[in-house]
Amino acid sequence: MAVDRQARRRRLGAEGVGTFFLVLVAAGAGVVAAVTGGRVTPAAQAIAPGAMVLALIYTLGVTSGAHLNPAVTLAFAARGHFPWRRVPAYVGAQLLGAVAAAAVLRALFGTAGQLGASRPGPGVGTGAAFALEVLLSLGLMTVILGTSTGARNIGHNSAIAIGGYVALAGLWAGPASGASMNPARSLAPVLLGGHGGPLWIYLLGPLIGAGLAVPLAWLLRGPPSPAATQAAQGTDLDGGTAGNGTEPDDGTR
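Description of the structure in this document. A quick note: this is a predicted structure, and the numbers were derived from the prediction, not measured.

Definitions and limits used
Residues numbered from 1 in each chain as written. Predicted model: local features only at pLDDT ≥ 70, side-chain atom pairs only at ≥ 80, totals over all residues. Heavy atoms only, no water. Helix = DSSP H or I, 4+ residues; strand = E, 2+ residues; numbered from the N terminus. Buried < 20%, exposed > 50% of the residue type's maximum accessible area, 1.4 Å probe, protein only. Contact = heavy atoms within 4.5 Å. Areas by Shrake-Rupley, 256 points an atom, 1.4 Å probe, with all protein chains shown as cover. 1 Å grid on protein atoms, 1.4 Å probe; cavity = no way out; pocket = protein on both sides within 12 Å on 5 of 7 lines; lining within 4 Å. Points joined across faces, edges and corners; volume = space filled by probe spheres on them. Nonpolar A, V, L, I, M, F, W, Y, C, P; charged D, E, K, R; others polar. Core = buried A, V, L, I, M, F, W, Y, C linked by side-chain atoms within 4.5 Å. Patch = residues over 30% accessible without salt bridge, like charges linked within 9 Å, V, L, I, M, F, W, Y side chains within 5 Å. Salt bridge = Lys/Arg side-chain N within 4 Å of Asp/Glu carboxyl O.

## Here we look at the overall build of the protein chain
- When helices and strands are tallied, the protein chain shows 9 helices and 0 strands.
- When the elements of the protein chain are put in sequence order from the N terminus, they spell out α-α-α-α-α-α-α-α-α.
- By residue count, 49% of the 253 residues in the protein chain fall in the buried class.
- Look at the contacts in the protein chain between residues 6 or more apart in sequence, and 79% of them connect residues 24 or more apart.
- Of the roughly 10,400 Å² that the protein chain leaves accessible, carbon and sulfur atoms contribute 69%.

Written out as structure tokens, the structure reads:
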């Protein structure tokens, strides 16, 4: 159906555009700090991605669920909120958005600040950085899965909770591991020529954290609810909804 195809394009467009702006800020803060001699402070570098996540959930949550992160999409799918057959398209849109953001930074500033590539801090070992990424991602996915209930995933509570968590994680753990929690955010700068820490830390850490968050969500909240499923999948822009029990999801959305 034409409406289904339009809804699918809008959802994928929202994921791509949202991830673009998230990576532009998250990686770009380090780039601009390098270009301006530290005018973007470490605290600002931590807070800016959290504020952007908050804004994007308000803006795009109703359209796509505002995943903005492959690990979030996989956590929603494993929890039963999101169809597995739609995961590749969502992850592809997120990666395209992230790479586009890194390409813009490369065009504007060259490889200054290594394009904001994620890396462990001075004196922080690979094992410690990996453990931090797992734990930080576990906490992030727990917050996301815990607040994705009906309108709360696209309204005040979820936006503030998730954005606040991202900022707080960056404030205390950013100097140690980079506090990426997002494989797309860490992969894109490397693909465009930035040199960060061992990439596997920032690809596997968030995915393992997401995997651990799913059984924890079952323990804390029980089975997935239809309202949370609707929040994870977004709402059709023609007035219908997907995954809320009012109409079937045939996989085309």
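## Considerations on the layout of surface pockets
- Reported here for the largest pocket is a volume of approximately 890 Å³.
- Lining the largest pocket are 43 residues, and of these A26, Q45, G178, A179 and R185 lie nearest its centre.
- Looking at the lining of the largest pocket, the elements with two or more residues in it are α1 (2–35), α2 (42–64), α3 (70–79), α5 (126–147) and α6 (156–177).
- Top contributing element to the lining of the largest pocket by residue count: α2, with 7 residues.
- Among the residues making up the lining of the largest pocket, the classes are represented as 25 nonpolar, 16 polar and 2 charged.

## Things to note about the nonpolar core
- If you look at the biggest cluster of nonpolar residues, it comprises 37 residues, and the most contacted ones within it are F76, L140, M141 and I144.
- Where this core is concerned, the elements lending two or more residues are α1, α2, α3, α4 (87–109), α5, α6 and α8 (199–221).
- Listed in part, the 11 residues of the second largest apolar core include V31, A101, A102 and A184.

## Brief notes about a nonpolar patch on the surface
- Taken together, W200, L204, L207, I208 and L212 make up a surface patch of nonpolar side chains, about 430 Å² in accessible area.
- Along the chain, L207 falls in helix α8.
- For L207, a relative accessible area of 36% puts it in the partly exposed group.

## Re the environment of F21
- Counting through the fold element by element, F21 comes out in helix α1.
- We classify F21 as partly exposed; its relative accessible area is 36%.
- Taking the C-alpha atoms as reference, F21 lies 7.0 Å from A101; in sequence the two are 80 residues apart.

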